[in-house]
Amino acid sequence: LLPADFATRELILEIHRHKRNYKQLILEGKPLAELFLKHNLLGRAKALLLQLIGFDEADVALRRLLIHVLIGLGEIALALEHLWALAAVLEEIGAGA
């Protein structure tokens, strides 16, 4: 079960980051980023998603979510960078299939 408040959930992510448990960090971080987006906390969602993508650059869902957040923040240039990176990941996945 996950705590209801944002600060506690962010502290749990810090524990995972400190223990270098990146798989769990991503598993618990993605729903938190979606919750930030739902509550229009785009800055916090952006910071979290950028960290998560740093641990798993091939996660398509994280990149898509980040692109939505960046567009919402008006950061079009950075959104385009991540859109190109997403296209490269999708191309790589398609070439591997």
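Above this text you will find the structure in question.
Since the model is a prediction, treat every value here as computed from it, not as a measurement. (Residues numbered from 1 in each chain as written. Predicted model: local features only at pLDDT ≥ 70, side-chain atom pairs only at ≥ 80, totals over all residues. Heavy atoms only, no water.)

Teacher, can you tell me more about the overall build of the chain here?
Check the secondary structure of the chain and you find five helices and zero strands. Ordering the α and β elements of the chain from the N terminus gives α-α-α-α-α. Over its C-alpha trace the chain gives a radius of gyration of 14 Å, about what one expects of a compact globule, namely 13 Å for 97 residues. The principal-axis extent of the C-alpha atoms belonging to the chain is close to 40 × 30 × 20 Å. (Helix = DSSP H or I, 4+ residues; strand = E, 2+ residues; numbered from the N terminus. Rg over C-alpha atoms; globule rule 2.2 N^0.38 Å.)

Sorry, what's going on with the nonpolar core here?
Note on soluble globular proteins: their nonpolar side chains tend to be buried together. The biggest cluster of nonpolar side chains holds 18 residues, and the ones touching the most others in it are Leu 48, Leu 49, Leu 52 and Leu 62. The leading source of residues in this core is helix H3 (residues 42-55), at six residues. Those residues in contact with Leu 62 that lie beyond four places of it in its chain are Ile 26, Lys 30, Leu 49, Leu 52 and Ile 53. (Core = buried A, V, L, I, M, F, W, Y, C linked by side-chain atoms within 4.5 Å. Buried < 20%, exposed > 50% of the residue type's maximum accessible area, 1.4 Å probe, protein only. Contact = heavy atoms within 4.5 Å.)

What is the right way to look at the packing of aromatic side chains in this model?
Aromatic rings in a pair are described by how distant their centres are and how their planes are angled relative to each other. Evaluation of the coordinates by the stated rule reveals two aromatic pairs. Aromatic pair Tyr 22 and Phe 55: ring centres 4.4 Å apart, planes at 20°, arrangement stacked. With Tyr 22 in helix H2 (residues 22-38) and Phe 55 in helix H3, this pair connects stretches of sequence that are 33 residues apart. Looking at Phe 55, the relative accessible area reads 33%, which means it is partly exposed. (Phe/Tyr/Trp six-rings, centres within 6.5 Å; stacked < 30°, edge-to-face > 60°.)

How should a nonpolar patch on the surface be read in this particular structure?
On the surface, a nonpolar cluster with roughly 540 Å² of combined accessible area is contributed by Ile 71, Ile 76, Leu 80, Leu 83 and Trp 84. Ranked by residues supplied to the nonpolar patch, first place goes to helix H5 (residues 76-96) with four residues. In this fold, Ile 71 is placed in helix H4 (residues 60-73). For Ile 71, a relative accessible area of 48% translates into the label partly exposed. (Patch = residues over 30% accessible without salt bridge, like charges linked within 9 Å, V, L, I, M, F, W, Y side chains within 5 Å. Areas by Shrake-Rupley, 256 points an atom, 1.4 Å probe, with all protein chains shown as cover. Salt bridge = Lys/Arg side-chain N within 4 Å of Asp/Glu carboxyl O.)

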